[in-house]
Amino acid sequence: MEWSEVETPGPGPKMLWPMAWSLLPLVGGLLLLLQDRGLLATSLLALGIMVSLSAVWIGANSNPGRVDMLVLLVSPFTAFILFFQPPNAIQAIMAIIAWSINYRTAAFLSALSGKVYRCDWDPRVPLPDVDGATYFHRKWAARPLFRVGSNIVRGVRINEDVMLEADAPITFTFSEE
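These notes cover the structure that comes with them. (Residues numbered from 1 in each chain as written. Predicted model: local features only at pLDDT ≥ 70, side-chain atom pairs only at ≥ 80, totals over all residues. Heavy atoms only, no water.)

Put simply, helix α2 (residues 39-62) and helix α4 (residues 88-110) touch, their axes get as near as 9 Å, and they point 15° apart. The angle between the axes of α2 and α4 places the two elements in the roughly parallel class. Classified by chirality, the crossing of α4 by α2 is left-handed. Seen from α2, the contacting residues are Thr 42, Leu 45, Gly 48, Ile 49, Ser 52, Leu 53, Val 56, Gly 59 and Ala 60; seen from α4, they are Gln 91, Ala 95, Ala 98, Trp 99, Asn 102, Thr 105, Ala 106 and Leu 109. Residues of the contact of α2 with α4, tallied by class, amount to 10 nonpolar, seven polar and no charged. (Axes fitted to C-alpha atoms, helices over the stretch in contact; angles between N-to-C directions. Helix = DSSP H or I, 4+ residues; strand = E, 2+ residues; numbered from the N terminus. Parallel < 35°, antiparallel > 145°, perpendicular 65-115°, else oblique. Left-handed = near helix turned anticlockwise from the far one by under 90°. Contact = heavy atoms within 4.5 Å. Nonpolar A, V, L, I, M, F, W, Y, C, P; charged D, E, K, R; others polar.)

And the structure:
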């Protein structure tokens, strides 16, 4: 099983503009919360959260399988809950926490090196057991297959080639049965 290093395009600066522009409605909404402007402030907070989510969405689409769906669901639910008009302090805290989660996720995605390791794989062969791995699927598919620590091994199909892709190479041990 020979892993080869491949350069992949990273999301990098594509996420910068939505993340920066998300600060404008977020700060504006926080300032309007201080003036007790009601629904206008809430709308700006929700807009700031959703614009920051668009930056994370760009990064998650360019690096599939690296962000859990639950992280992506925090922002829409938070924006929706804001419209139930909790107290202003709670609205501010919720908006800042959701924006911070999006910022950390965007920072994680933009920090990816752009290098992945790939190896050819026969999809008819079941995945081998790896010590310490958490398996999502036991058979090859074009999606995340298992995780070893923070290293997620994904199945990818490039043209007609079927491969495994990981952030770092993994040593497989095959048992003879």
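Here is the key point about a regular strand: its side chains alternate between the two faces of the sheet. Pairing analysis gives four bridges linking strand β1 (residues 4-7) to strand β2 (residues 115-120), with the strands arranged antiparallel. Across the sheet, the residue bridging to Glu 5 is Tyr 117, located in β2. Sheet topology note: the β2/strand β6 (residues 161-166) ladder contains four bridges and is antiparallel. Residue pairing across strands places Arg 118 opposite Glu 165, the latter belonging to β6. (Pairing = 2+ DSSP bridges.)

Here the focus is the packing of aromatic side chains. Per the stated rule, a full pass over the model turns up three aromatic pairs. On the numbers, 5.3 Å between centres and 85° between planes, the contact of Phe 80 with Phe 84 is edge-to-face. Residues Phe 80 and Phe 84 agree in their burial class; the two are exposed. Ring geometry for Tyr 135 against Phe 146: centres 5.0 Å apart, planes inclined by 35°, an arrangement best described as tilted. Of this pair, Tyr 135 sits in strand β3 (residues 133-135) while Phe 146 sits in strand β4 (residues 144-148), placing them 11 residues apart in sequence. (Phe/Tyr/Trp six-rings, centres within 6.5 Å; stacked < 30°, edge-to-face > 60°. Buried < 20%, exposed > 50% of the residue type's maximum accessible area, 1.4 Å probe, protein only.)

Right, let's talk about α2 for a bit. Between the first and last C-alpha of α2 there are 35 Å, a value that for 24 residues agrees with the 34 Å anticipated at 1.5 Å per step. Those residues of α2 that are buried lie in contact with α1 (16-34), α3 (69-82) and α4. (Expected span 1.5 Å × (residues − 1).)

Let us now look at the pairing of β4. The pairing of β3 with β4 spans three bridges and is antiparallel. Paired with Tyr 135 across the strands is Phe 146, a residue of β4. Strand direction decides the pairing type here: β4 and strand β5 (residues 151-158), joined by four bridges, are antiparallel. When the bridges of β5 are listed, Arg 147 appears paired with Ile 152. Between the antiparallel neighbours β4 and β5 lie two residues, among them Gly 149 with a positive phi of about 65°.

We now examine the environment of Pro 144. Within the secondary structure, Pro 144 sits in strand β4. It is 5.6 Å that separates the C-alpha atoms of Pro 144 and Gly 65, two residues lying 79 residues apart in sequence. Once you skip the residues sitting within four places of it in the chain, Pro 144 turns out to touch Gly 65, Phe 136, His 137, Ile 152, Val 153 and Arg 154.

The next point concerns unusual backbone geometry. For Gln 85, which is not glycine, the phi torsion reads 55° and is therefore positive. As for its placement among the helices and strands, Gln 85 is situated in the loop between α3 and α4. Since its relative accessible area comes to 36%, Gln 85 is described here as partly exposed. Residue Asn 159 is not a glycine yet carries a positive backbone phi of 55°. Inspection of the secondary structure assignment puts Asn 159 in the loop between β5 and β6.

By themselves, these observations are geometric and do not establish any function.
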